[in-house]
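Observations on chain architecture
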Amino acid sequence: QVQLVESGGGLVQAGGSLRLSCAASGRTFSGYAMGWFRQAPGKEREFVAAISRSHLRYADSAKGRFVISRDDAKNTVYLQMNSLKPEDTAVYYCARRDSSIVTTERYTYDYWGQGTQVTVSS
């Protein structure tokens, strides 16, 4: 069974930074695509970034500000978020695919964490 546990969320002022972590347990980590999504109140869950061994993808809202990375030795994926804006406020979820191919659609991800709250004050 795959378990994903996010950490690193919190309250930060606009312009600040946060680093989210997602620790995975269960099946082999390194061969699978990992993604970050977020959901703001009253909105649908949306793609933020994804990573495989050889590919990265970012939402337009994340390009130039967020960096996704992974440490396969630690079974952990990270999301470094810089220049945060109030509109980045959301619950951030880590997800894993049963595939090595990076995608942006949430329905293509098979496992999800419980989420971590990120709040950016103006």
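Please refer to the structure placed before this passage.
All of these numbers come straight from a predicted model, not from anything done at the bench.

Rules used in this analysis
- Residues numbered from 1 in each chain as written.
- Predicted model: local features only at pLDDT ≥ 70, side-chain atom pairs only at ≥ 80, totals over all residues.
- Heavy atoms only, no water.
- Helix = DSSP H or I, 4+ residues; strand = E, 2+ residues; numbered from the N terminus.
- Rg over C-alpha atoms; globule rule 2.2 N^0.38 Å.
- Buried < 20%, exposed > 50% of the residue type's maximum accessible area, 1.4 Å probe, protein only.
- Areas by Shrake-Rupley, 256 points an atom, 1.4 Å probe, with all protein chains shown as cover.
- Lys, Arg positive; Asp, Glu negative; His and termini not counted.
- Charge placed at Lys NZ, Arg CZ, Asp CG, Glu CD.
- Core = buried A, V, L, I, M, F, W, Y, C linked by side-chain atoms within 4.5 Å.
- Contact = heavy atoms within 4.5 Å.
- Pairing = 2+ DSSP bridges.
- Axes fitted to C-alpha atoms, helices over the stretch in contact; angles between N-to-C directions.
- Phe/Tyr/Trp six-rings, centres within 6.5 Å; stacked < 30°, edge-to-face > 60°.
- Lys NZ or Arg CZ within 6 Å of the ring centre and 35° of its normal.
- Salt bridge = Lys/Arg side-chain N within 4 Å of Asp/Glu carboxyl O.

A few words on the overall build of the protein. Along the protein, the regular secondary structure elements total zero helices and 11 strands. In sequence order, the secondary structure elements of the protein are arranged as β-β-β-β-β-β-β-β-β-β-β. Taking 2.2 N^0.38 as the reference for a compact globule, 122 residues should give roughly 14 Å; the C-alpha atoms of the protein span a radius of gyration of 13 Å, in line with that estimate. Evaluated residue by residue, the protein yields a buried proportion of 45% over its 122 residues. In the structure as shown, the protein presents an accessible area of about 6300 Å², 46% of it carried by carbon and sulfur atoms. The distance from the centre of the 15 positive side-chain charges to the centre of the 11 negative ones in the protein is 3 Å.

Below, the discussion takes up the nonpolar core. With 26 residues, the main nonpolar core has W36, V77, L79, M81 and Y92 as its most contacted residues. Breaking this core down by element, the ones donating at least two residues are β3 (18–25), β4 (34–39), β5 (46–51), β7 (66–71), β8 (76–81), β9 (90–96) and β11 (116–121). Contact partners of M81, with chain neighbours within four places excluded, come to G16, S17, L18, L20, R65, F66, Y92 and V118. Within the second largest apolar cluster, eight residues are counted, among which are F37, A95, V102 and Y109.

Pairing within the open sheet is antiparallel, and its four strands lie in the order β1-β3-β8-β7. Every other strand in the sheet has two partners, leaving β1 (3–7) and β7 as the edge strands with one partner each. For this sheet, the mean angle separating the axes of adjacent strands, direction not counted, is 15 degrees. Direction of pairing for β7 relative to β8: antiparallel, over a ladder of six bridges. Residue pairing for β8: S69 is matched across the bridge by Y78.

What follows is about the packing of aromatic side chains. Taken as a whole and assessed by the stated rule, the structure comprises four aromatic pairs. Clustering of aromatic rings is evident, with ring pairs tying together F37, F47, Y109 and W112. Above the plane of the ring of Y93 lies R45, whose end atom (NZ or CZ) is 3.6 Å from the centre. In this arrangement the basic side chain of R96 is found over the ring face of Y32, its NZ or CZ atom lying 3.7 Å from the centre.

Further remarks concern the pattern of salt bridges. For the structure on display, the rule yields seven salt bridges. Residue R38 is joined to E46 by a salt bridge in which the shortest nitrogen-to-oxygen separation is 2.6 Å. Given a relative accessible area of 36%, E46 falls into the partly exposed group. Counted as one network, the salt bridges with shared partners bring together R38, E46, R65 and D88.

What follows deals with the side chain of S21. With respect to the helices, strands and loops of the structure, S21 is situated in strand β3. Among the residues examined, S21 registers a relative accessible area of 18% and is labelled buried. When sequence neighbours within four positions are dropped, the list of residues in contact with S21 reads V5, E6, S7, W36, T76, V77 and Y78.

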